[in-house]
Structures are given as C-alpha cells and as structure tokens.
Amino acid sequence: PDISHICNHHEQSSAMSADAYSRVTANIGVAIATSGPGATNLITGLCCSYYDSVPVVAITGQVNTSRMVGDTGVRQIGFQETPIVEICNSITKYAVQINDPNDILYELEKSFFIATTGRPGPVLIDIPDDLQRIMVDLSLCRRFDPEPSPKSDRYPNLSESLDYILSELLVSERPIIVAGWGVHLSHFKNQLLEFAESFSIPIALTWGAADLIPASHPLFVGTFGTHGNRHSNFAVQNSDLVISFGSRLDTKSTGSPVNTFAREAKKIVVDVDEFELSKFVHFGLAIDRLILQDLRFADLHDLIQNSHSISFPSKASWLEQISVWKNLFTSIDSASRKSSCPEKVDPYHFFGLLSRSIQSPTNLIFDTGCSLAWGMQSFEPNKFTRIYHDFNNTAMGWSIPASIASSLASKDKDTICVVGDGSFMMSLHELA
C-alpha cells in the first residue's frame, strides 16, 4: 500500500524517471521492465545513474528457467530471452539473476544496500518468469547481513589530512575550492559552505554542482572546464591551491592535456572512489594529497574551529581579481553576441532572465544540447532553484521523463523543463 506505481509506457522513460526521482528526493528510484527488449531499453537510463553515482534498483523479467539457453551454445531458446545480467555488468554496481526463489529477499536487501552504500549507483535484479509465480515462505528466506567494508590503507582519510590542509591554507594566497556532484549526493553542502566562508575561499563549480550556492554569494565563481565560464577557468588555472570535494575531475573539468590543469597550484582531491584517486597517475597529473573519504561521514569542524585563532593570508585581492575577469569577459562576450546576431534572442540573456524570474522553489530540468551549455554558463542560481541533468551520460530525451518524476516527487515545487538545441533556442525570437 505504500508503493506508488507510475507507468511510463516505455522502459527507457521508466529508467530515466527512476534516475531523476532518486536525484530529486535523495531517496532510491525503482524501475521495472519485462525481458528482452524491455530490459535492454533500460540501459541508457542505467548509464545515466551509473556515471552520475545515482542509486537506482532495476528489476527485469526473464524467460522461464526451462527455456533458458544455458550451456547449449545457441543464441536464444525462450521468446525474448536476453542475457541482461551479462549485458549490464559493466554499467551497474551489481547485477544478479534469481535462480532460487528463497534468495529473493536476500538479493533485494543486498541490492538496496549496494545501491546506496559507498559510491552510489544502479543495481539490476533479473527474475525468471516461473520464479515470479512461486509462493515464497519468508521464514525460509535467507537475509542479507552486510559485512563491514574493509578500510583501505592506500590513501589517508579526511580527518588524517586536516593538518596538511591547514598548513597549505596558511601559505596560500590564491586558493579555490572545486565542488562537484558528490557534494550534493553526500549532503555535504552546508559544511562545505561553512569551510569556504571561514577561510574566504572562492568556489568553482562543476555542472553537477552548478546550483550549490547562489550567484549572489561573494564566494560564487561559477562553472568551469571546457564548457564553463572563462573567468572561472582563469581562476582555477591561476590558483595556487585547489581543494576538490566530490568531483572526479574528469577531462571536461581539467581540459587536455590533463597534466596542464592548475599548473602552479598545490592540489588536494577528496573522493569516495579509490579508483578515481589512482587514475591521475595515468594522465601524468601530480596530486599533492589524495584523500579517500565518503563525504557523508566527513567532519571539517575541527579545521574550521582552528581557523578562528590563526591569521591567514588575505584573499581580498584574489577575490577582486576574479571579479575583474568576470566583468571583463562578460562584457566582451555580450558585445560580441549583440553585434553578430542583433535580431535574434540571445540565449545567454534568456537564461539570465529565467534565473531572475524564479522566485519560488523550483526544479530546473535540462536536456542535452546547446541549451544545457548556455544554461550552465549563464543561469544565475538562487536559493529557490535546484538544477538537474544526467551530467555525465547526457542522454537525449532525459528531461521529459525526469520532469515527470520531479513533478510527482516534489509536489511542493515547480518544475521547469528546458529542452532543445541551438536551432530551437535561437528561434525564440519568433515567440517574442
């Protein structure tokens, strides 16, 4: 009785809606599909969840166990039989097919645990048709009892690194914080802002954290990277200390070649995934301090308290320089657009107007295309707005099912869906 079922009429939409539901509610989304093409239609949505670390449980049907290929060597026996577990192994945290009906409770509990623990992500449970119709005695079902996760000794955690961070802040004149989607996932926003404000450190944002702080905040820099603002890139590239929280610093953030990122800065990276920390060696990017930490369990309060009794270099000239870059490039870009397309609607101006018009709690859902890049560069977030997109998979068509999920899950908020590529946005002058 506590489960609400929404039929999307297409499995891809169901996977994308479940993905967005999880993002919007900070809960877990569930998508259910039939076998064969129904199961494979989930794949694009599962990729959205996997690459953005979003907890989703996908449940698929499968042909009767008596009609499975097994070790026969043929391609298919049962109608619409597809090895969905094997197909999805590389885009899920866990994928399993139920072979014993008494395992269903164990696998459900295990799947929900895996989806939400550590670096979150999607899981898939495949249930053969005949097992779906078996009466199960719950008293005979085994239960899932998670074992404590082994602690890695390869990298220090955040509490072991506070003295190092403090020592770098004592000499830094041009520090910058990089905040990523992981800050939202781990509910680390308030603590991060307290840390930034205590040390007067400006904050550069990845797309996944573009709405983390209002544009009116004195420490707001904006989005950076290959599709970010130029003044933000100048700030990151000319900093002398980068502290990254909840961002994997992908090539969209670092640019290429990767080893030119923040060329003169000391670099501190905090991430929940050990593999993300170890990848930098492959690109020849030297990171001065790699910190393995789930930000859900991070505590910066000791560091913040220590800051009150210590004198740190002033950041006034650094913040002023960032402001100079912002004003300079904004004026240059605005003048260039007005001279090249005077009769068209300026999409950057449009998103500025849209951001200022939002004065009530709103979920802003972007689809892929030029509209997304324009929005990430020129939308000015305020306290009312949350921005959502499947940032790393950037699937076409994500915004409509995501908006449906947003509307159903957040009845106390407005939902605005932004769709369209350049030709759509530039034709807005016809509507004007």
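An account of the accompanying structure is given in this report. (Residues numbered from 1 in each chain as written. Predicted model: local features only at pLDDT ≥ 70, side-chain atom pairs only at ≥ 80, totals over all residues. Heavy atoms only, no water.)

**Things to note about empty space enclosed by the protein**
Using the criterion set out here, one finds one cavity of 30 Å³ or more in the structure. Considering only enclosed or pocket space, the largest cavity measures out at about 510 Å³ in volume. Looking at the largest cavity, it is lined by 33 residues, and the ones nearest its centre are Trp181, Gly182, Gly246, Ser247 and Arg248. Every element with two or more residues in the lining of the largest cavity is listed here: helix H8 (181–185), helix H11 (251–254) and strand E9 (266–271). (1 Å grid on protein atoms, 1.4 Å probe; cavity = no way out; pocket = protein on both sides within 12 Å on 5 of 7 lines; lining within 4 Å. Points joined across faces, edges and corners; volume = space filled by probe spheres on them. Helix = DSSP H or I, 4+ residues; strand = E, 2+ residues; numbered from the N terminus.)

**Brief notes about the pairing of strand E8 (residues 241–245)**
With five of its five residues buried, E8 lies for the most part within the structure. Burial along E8 is two-sided: the face carrying Leu241, Ile243 and Phe245 and the face carrying Val242 and Ser244 are both buried. In this structure, strand E5 (residues 175–179) lies alongside E8, joined through five bridges in parallel fashion. Its bridge partner lying in E8, Ile177 is registered against Ile243. In terms of strand pairing, E8 meets E9 through five bridges, oriented parallel. (Buried < 20%, exposed > 50% of the residue type's maximum accessible area, 1.4 Å probe, protein only. Pairing = 2+ DSSP bridges.)

**Here we look at the sheet that holds strand E13 (residues 414–418)**
Reading across from one edge, E12-E11-E13 is the order of the three strands in this open sheet, with parallel pairing throughout. For this open sheet the edge positions go to strand E12 (385–388) and E13, each flanked by a neighbour on one side alone. Taken over all neighbouring pairs, the strand axes of this sheet differ in orientation by 20 degrees on average, direction set aside. Pairing geometry for strand E11 (residues 362–366) and E12, over four bridges, is parallel. In the strand pairing of E12, Thr362 is matched with Thr385. (Axes fitted to C-alpha atoms, helices over the stretch in contact; angles between N-to-C directions.)

**Focus on the sheet that holds strand E6 (residues 203–205)**
In any sheet, the strands associate via hydrogen bonds between backbone groups, in a parallel or an antiparallel arrangement. Pairing is parallel in the open sheet, where six strands are placed in the order E7-E6-E5-E8-E9-E10. Each having just a single partner strand, strand E7 (220–223) and strand E10 (289–292) make up the two edges of the open sheet. The average angle at which neighbouring strand axes cross in this sheet is 15 degrees, direction not considered. As paired elements, E6 and E7 share three bridges and run parallel to each other. Within E7, the residue paired with Leu205 across the bridge is Thr223.

**Side note on the pattern of salt bridges**
Counted according to the given criterion, the structure contains 14 salt bridges. Here Asp19 ties to Arg23 by a salt bridge, and the two come within 2.8 Å at their closest N and O atoms. With Asp19 and Arg23 both in helix H1 (residues 11–25) and four residues apart, the pair spans about one turn of that helix. Here Asp19 matches Arg23 in class, with each residue buried. Note that Arg119 and Glu276 form a salt bridge whose closest N and O atoms lie 2.9 Å from each other. (Salt bridge = Lys/Arg side-chain N within 4 Å of Asp/Glu carboxyl O.)

**Topic: the pairing of strand E3 (residues 94–97)**
Look at any regular strand and the pattern is simple: side chains alternate between the two faces of the sheet. Bridge count between E3 and strand E4 (residues 122–128): four bridges; the pairing is parallel. The residue of E4 that forms the bridge with Gln97 is Asp126. On the question of chirality, the crossover connecting E3 to the parallel E4 by way of helix H5 (residues 104–116) is right-handed. (Right-handed = clockwise from strand over helix to strand, strands pointing away.)

**Observations concerning a nonpolar patch on the surface**
Taken together, Ile6, Ile400, Ile404, Leu408 and Val419 make up a surface patch of nonpolar side chains, about 390 Å² in accessible area. Secondary-structure assignment places Ile404 in helix H18 (residues 399–409). The partly exposed category is assigned to Ile404, whose relative accessible area is 38%. (Patch = residues over 30% accessible without salt bridge, like charges linked within 9 Å, V, L, I, M, F, W, Y side chains within 5 Å. Areas by Shrake-Rupley, 256 points an atom, 1.4 Å probe, with all protein chains shown as cover.)

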